[in-house]
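# Coordinate analysis (summary)
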Amino acid sequence: MNAIDIINKTKKAITLTDDEIRWLVENYTNGEIPDYQMSAWLMAVRLNGLTEEETKSLTYAMRDSGEIIRLKAEGITADKHSTGGVGDKTTLIIGPIAAACGICVAKMSGRGLGHTGGTIDKLESISGFRTELPVDEFERILRKTGFAVISQSGELCPADKKMYDLRNATGTVDSIPLIAASIMSKKLAVNADCLVLDVKYGSGAFMKTRESAQQLADLMEKIGKGAEKRCKAEVTDMDSPLGLNIGNALEVAEAIEVLQGKVKGKLYDTSIQLAADMLQLAGKGSYEECVKMAVEAVDSGRALDVLRETIKLQGGDPSVCDDVSLLPVARCSYEVRAVQDMKIIRINCEEIGMTSLLLGAGRLCKGDPIDMTAGIIMHVGPGDSVSTGDTLMTLYSTLCSDFSDAAVRALNAIDFESVNCHKPLT
Ligand code: URA
């Protein structure tokens, strides 16, 4: 076998065998195949695609390139993955709900990059919370509460790490088979029994249309089932931020408020839907029964109890679950107000995410420091009508000097219709 033959086959859309794909992945990961040959192959895939079987072979070869976790947990284990969005704090809600219903949710999460946030950053906004745990401690917490979160191990899927960096540098990120293989290889290395995938579409998501998100969801579900996992992929919209709060501590506060039963709406509905999917995959009953179980876990306070206990065992201050004002708060805030009477048509989610990043909540490059208190609280959503001077959103930051660039960016993210006011003549 050699890399040139493999590149030429994909260039001519000739299907590769499982052996060829495994050989390519193994030899790229161990440094035998240089970046320039892998880049050529990735571009051939970007242009010609891969068959479903080829995508499965690629995913399983990437999964097998590193460690595969074998957790010593009791009962059925479950995991979830969101393809990323703005204000998406559902992991902090779904994990405790599913754990309160008897499932073990072992979550390995990442940090935020660009306009999307990451669960690890969010949790680290809780004073003392540790996300780098030895595996035996992670397993002990899981056995006690059913929900624990650690940061992604460097030993998982080294092939994906190398290939993803290369894709970022060669314009080959936007390929459905490559995205599916990249995400699923990491999820399969985590190795939970059940896997719920939340594939986002819209202005704040990787996939801009519902159709492309559905294609990705279907492919990832097939890859999961091909690896003998119980797997369900949902397609949900990211055309406006999920919930009202964007930014690390602000999102933790909102997730706690959902578990306190104080916040309903799209964030609550999406969380219940995904938690019910997880419970159904774990064999807890029909979808309708699982929705009832998820709702009851919130209403009874049992899901909040799980989160409180998990925070305590991971070294954080559990009293934030009873009083969200104990979370860190920004030194300064700024209200963005409506400059005219208007009806909100849509909110450009990516721009809102970038505004939050500018305020300090996110990072442009891996490893950049972040401000846990920074972010945005939205006071309006699509369909709302507002009058001149009404507050559209509040911006928070520790960088108090100047909110003007962020305010302009945030205002430009709102697509609105003018509402004509017919003032009586005086
Ligand atoms: N997230 C991943 O992990 N991989 C991709 O290719 C795209 C999004």
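What you are looking at is a predicted structure, and each value in this text was computed from that prediction instead of being measured. (Residues numbered from 1 in each chain as written. Predicted model: local features only at pLDDT ≥ 70, side-chain atom pairs only at ≥ 80, totals over all residues. Heavy atoms only, no water.)

Attention shifts here to the overall build of the chain. A count of helices and strands for the chain gives 16 helices and twelve strands. Rg of the C-alpha trace for the chain: 22 Å, near the compact-globule value of 22 Å for 426 residues, within the 12% margin. As displayed, the chain has an accessible area near 18,000 Å², and 51% of this comes from carbon and sulfur atoms. Within the chain, the 60 negative side-chain charges are centred at a point lying 2 Å from the centre of the 47 positive side-chain charges. (Helix = DSSP H or I, 4+ residues; strand = E, 2+ residues; numbered from the N terminus. Rg over C-alpha atoms; globule rule 2.2 N^0.38 Å. Areas by Shrake-Rupley, 256 points an atom, 1.4 Å probe, with all protein chains shown as cover. Lys, Arg positive; Asp, Glu negative; His and termini not counted. Charge placed at Lys NZ, Arg CZ, Asp CG, Glu CD.)

Turning our eyes to something else, we now look at the site of the ligand. If you check the shell around the ligand, you find Tyr164, Arg167, Ile179, Ser182, Ile183, Lys186 and Phe206 and nothing else. At a separation of 2.6 Å, a nitrogen atom of the ligand approaches a polar side-chain atom of Ser182. In the environment of the ligand, an oxygen atom lies 2.5 Å from a nitrogen or oxygen atom belonging to the side chain of Lys186. Calculation on the ligand without its partners gives an accessible area of 240 Å², and the protein chains cover 89% of this total. (Near = heavy atom within 4 Å. Polar contact = N/O pair within 3.5 Å; in protein donor to acceptor, adjacent residues only side chain to side chain.)

The pairing of strands in a sheet comes from backbone hydrogen bonds and takes either a parallel or an antiparallel form. Taken in spatial order, the four strands line up as β6-β9-β11-β7 in an open sheet, and their pairing is antiparallel. Of all the strands in the sheet, the pair left with one neighbour each is β6 (245-246) and β7 (332-337). By the bridge criterion, four bridges tie strand β9 (residues 375-378) to strand β11 (residues 391-397) in an arrangement that is antiparallel. Looking at the pairing, Ile376 lines up with Leu395 of β11. (Pairing = 2+ DSSP bridges.)

This paragraph deals with the side chain of Ser203. Secondary-structure assignment places Ser203 in the loop between β4 (194-201) and α10 (210-226). Ignoring sequence-local partners within four residues, the contact set of Ser203 consists of Lys208, Met238, Asp239, Ile347, Asn348, Cys349 and Glu350. (Contact = heavy atoms within 4.5 Å.)

What follows covers the packing of helix α7 (residues 135-145) against helix α14 (residues 302-313). Where α7 contacts α14, the two axes come as close as 10 Å, and the packing angle between them is 155°. Relative to α14, α7 is oriented roughly antiparallel. Pair α7 / α14 crosses with right-handed handedness. Taken together, the residues of α14 that come into contact with α7 (itself represented by Glu137, Ile141, Lys144 and Thr145) are Val306, Glu309, Thr310 and Leu313. Looking at the contact of α7 with α14, its residues break down into three nonpolar, two polar and three charged. (Axes fitted to C-alpha atoms, helices over the stretch in contact; angles between N-to-C directions. Parallel < 35°, antiparallel > 145°, perpendicular 65-115°, else oblique. Left-handed = near helix turned anticlockwise from the far one by under 90°. Nonpolar A, V, L, I, M, F, W, Y, C, P; charged D, E, K, R; others polar.)

A few words on α10. Its 17 residues place the ends of α10 24 Å apart at the C-alpha level, agreeing with the 24 Å of an ideal helix rising 1.5 Å per residue. When we look at burial in α10, the residues that qualify are Ser212, Ala213, Leu216, Ala217, Leu219, Met220, Ile223 and Gly224. The inward-facing, buried residues of α10 abut α4 (52-63), α9 (176-190), β4 and β5 (230-237). Phi turns positive, to about 65°, at Glu228, one or two residues after α10. (Expected span 1.5 Å × (residues − 1). Buried < 20%, exposed > 50% of the residue type's maximum accessible area, 1.4 Å probe, protein only.)

One pass over the full model with this rule turns up one aromatic pair. Geometrically, the ring pair formed by Tyr334 and Phe403 is stacked, given 5.6 Å between the ring centres and 15° between the ring planes. Of this pair, Tyr334 sits in strand β7 while Phe403 sits in the loop between β11 and α16 (404-412), placing them 69 residues apart in sequence. Since its relative accessible area comes to 36%, Tyr334 is described here as partly exposed. If you follow Lys162 out to its NZ or CZ, it ends over the ring of Tyr28, 4.3 Å from the centre. Stacked on the ring of Tyr164, the Lys or Arg Lys186 has its end atom at 5.7 Å from the ring centre. (Phe/Tyr/Trp six-rings, centres within 6.5 Å; stacked < 30°, edge-to-face > 60°. Lys NZ or Arg CZ within 6 Å of the ring centre and 35° of its normal.)

Take the pattern of salt bridges next. Once the charged atoms of two side chains with opposite charge are near each other, the side chains can pair. Within this structure, the stated rule accounts for 29 salt bridges. With a closest N to O distance of 3.3 Å, Lys56 and Glu52 form a salt bridge. Of this pair, Lys56 and Glu52 are both found in helix α4, four residues apart, which corresponds to roughly one turn of the helix. By relative accessible area, Lys56 is classed as buried at 14%. Under the relative-accessibility criterion, Glu52 is labelled partly exposed at 31%. A network of salt bridges, in which partner residues are shared, links Asp18, Arg22, Arg63 and Asp64. (Salt bridge = Lys/Arg side-chain N within 4 Å of Asp/Glu carboxyl O.)

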